[in-house]
Amino acid sequence: MVTIGDIARAAGVSRSTASYALSGKRSISAEVRQRVERAVRELGYTPNAGARALATSETMVIGLLAQFLEDEFAPAMLQYMLGVSDTARALGYDTLLVTEADGARALRRITDSRMVDGVVLLNVAQDDARLPVLRSAGRPGALVGMPGDCTGVDVFDLDFEAAGRLMVDHMHALRHRELILMSQPEHVVQRGGAYVWRLQDAVVQQAEARGIRLHAVYGESRQPAAGRCLHAVLDAHPAATGLLLNNEAAAAALPSVLHARGLSAPRDLSVIGRYSDEFARTFSLPFSSIESAPDRLGEMAVRQLVRRITEPEARREPHVVRLLAPELVDRGSSGPPPSPAPTRHHKEHTP
């Protein structure tokens, strides 16, 4: 096995200089750093993680606690995970993915055993049972998602209230007077998915302020139930001229639903979703959307976490709550309402 001593000899420097050149913890001249890096490539050196952890109390591993919940659309959750892991890798950290149902116990295990230098939490609930453990763990933590109590952690999320208002105002400017909002399944709300009611409450309030009739419904998170639910709500509200989606599974099902009903957007129905540009490309979605920015949120959380880990002064800074302002990506799926409103009943789809 190649050791740091072998690297030092090949580069013609001391062990400590080779170590500093690799860790970046001290200023090393560009010429020396290049010699060390060349020796690493030529000898195929891989740092010993166990020895490094013993010597520095650092593992260079970030814990990522996430779950693929049945009431959420798995491809959307995967984008948040990739945002975290890609940024961690770019900063020289490995990612330990933990998906246990008992997140509090898993978090206690990986922090008590010093398996990680810091932790990122996904699937954040309003009253998240993992937060008391994280606050007392002695390891920094960052959240993608906003809980009810943000003390002691750094929080990054989309501004869902502003996103809801932007959706309504965009439709209002186009003179729509009756809209449908389809949210995530109701049990997402029941288990504390605050992002659902944050956007929904803002849409309800803004629609009332703008004099718009709103039908707020909960959708499904799996196919074919998501498609059946869309058919049912369009049947129930044939006069609605706009559809707002805070539900990725429904967005993915909508093209086939509109095709089955002989409808198109924006000719017959204006549509605005809430998902990422990458999600739209993956599912070939032609609908305008509020950018959910999972990659950007993951990057922000990891960069702040690494600052807390590596910079002593950063550990003393106040914790932050940063909400991304919503951006509407216009893909041409919204326009003035049709006159008269289209007939939406469709008798051929099967329940």
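Reading the values: rules and limits
Residues numbered from 1 in each chain as written. Predicted model: local features only at pLDDT ≥ 70, side-chain atom pairs only at ≥ 80, totals over all residues. Heavy atoms only, no water. Patch = residues over 30% accessible without salt bridge, like charges linked within 9 Å, V, L, I, M, F, W, Y side chains within 5 Å. Areas by Shrake-Rupley, 256 points an atom, 1.4 Å probe, with all protein chains shown as cover. Salt bridge = Lys/Arg side-chain N within 4 Å of Asp/Glu carboxyl O. Helix = DSSP H or I, 4+ residues; strand = E, 2+ residues; numbered from the N terminus. Buried < 20%, exposed > 50% of the residue type's maximum accessible area, 1.4 Å probe, protein only. Core = buried A, V, L, I, M, F, W, Y, C linked by side-chain atoms within 4.5 Å. Pairing = 2+ DSSP bridges. Axes fitted to C-alpha atoms, helices over the stretch in contact; angles between N-to-C directions. Contact = heavy atoms within 4.5 Å. Parallel < 35°, antiparallel > 145°, perpendicular 65-115°, else oblique. Left-handed = near helix turned anticlockwise from the far one by under 90°. Nonpolar A, V, L, I, M, F, W, Y, C, P; charged D, E, K, R; others polar.

1. Some thoughts on a nonpolar patch on the surface
Reasoning step 1: On the surface, a nonpolar cluster with roughly 280 Å² of combined accessible area is contributed by F68, L78 and L82.
Reasoning step 2: Relative to the helices and strands, L78 resides in helix α5 (residues 74-90).
Reasoning step 3: L78 sits in the partly exposed class, given a relative accessible area of 41%.

2. Quick word on unusual backbone geometry
Reasoning step 1: In this chain, Q223 is followed by P224 through a cis amide linkage whose omega measures 5 degrees.
Reasoning step 2: Along the chain, P224 falls in the loop between β7 (213-218) and α11 (225-236).
Reasoning step 3: Each neighbour pair has its own omega, and for A265 with P266 the value is 10 degrees, a cis peptide bond.
Reasoning step 4: With respect to the secondary-structure elements, P266 resides in the loop between α12 (248-261) and β9 (270-274).
Reasoning step 5: Non-glycine residue S284 carries a positive phi angle of around 50 degrees.
Reasoning step 6: Tracing the backbone through its elements, the reader meets S284 in the loop between α13 (277-282) and β10 (288-290).

3. A short note on the nonpolar core
Reasoning step 1: Grouped together as the largest cluster of nonpolar side chains are 43 residues, with contacts concentrated most on I62, V120, L122 and L244.
Reasoning step 2: Looking at which element gives the most residues to this core, the answer is helix α14 (residues 294-310), with six residues.
Reasoning step 3: With 28 residues, the next largest nonpolar core counts V233, A240, V257 and L263 among its residues.

4. Some words on the sheet that holds strand β3 (residues 118-121)
Reasoning step 1: Strand order in the open sheet made by the six strands is β2-β1-β3-β4-β5-β11, with parallel pairing throughout. Two strands close off the open sheet at either side, each with one partner strand: β2 (94-98) and β11 (321-324). Averaged over all neighbouring strand pairs, the angle between strand axes comes to 20 degrees, with direction disregarded.
Reasoning step 2: Both strand β1 (residues 61-65) and β2 contribute to a ladder of five bridges, which runs parallel. Each bridged residue has a counterpart across the sheet, and for V61 the counterpart in β2 is D94.
Reasoning step 3: Here α14 sits on the sheet in contact with β1, β3, β4 (141-144), β5 (154-158) and β11, set at roughly 170 degrees to β5.

5. Observations concerning the packing of helix α1 (residues 4-11) against helix α3 (residues 30-43)
Reasoning step 1: The interhelical angle for the contact between α1 and α3, taken along N-to-C directions, is 120 degrees, at an axis separation of 9 Å. Regarding the angle of α1 to α3, the classification is oblique. In the crossing of α1 with α3, the sense of the turn from one axis to the other is right-handed. Listed contacts from α3 to D6, I7, A10 and A11 of α1 are R35, V36, A39, V40 and L43.
Reasoning step 2: For the contact of α1 with α3, a count of residues per class yields seven nonpolar, no polar and two charged.

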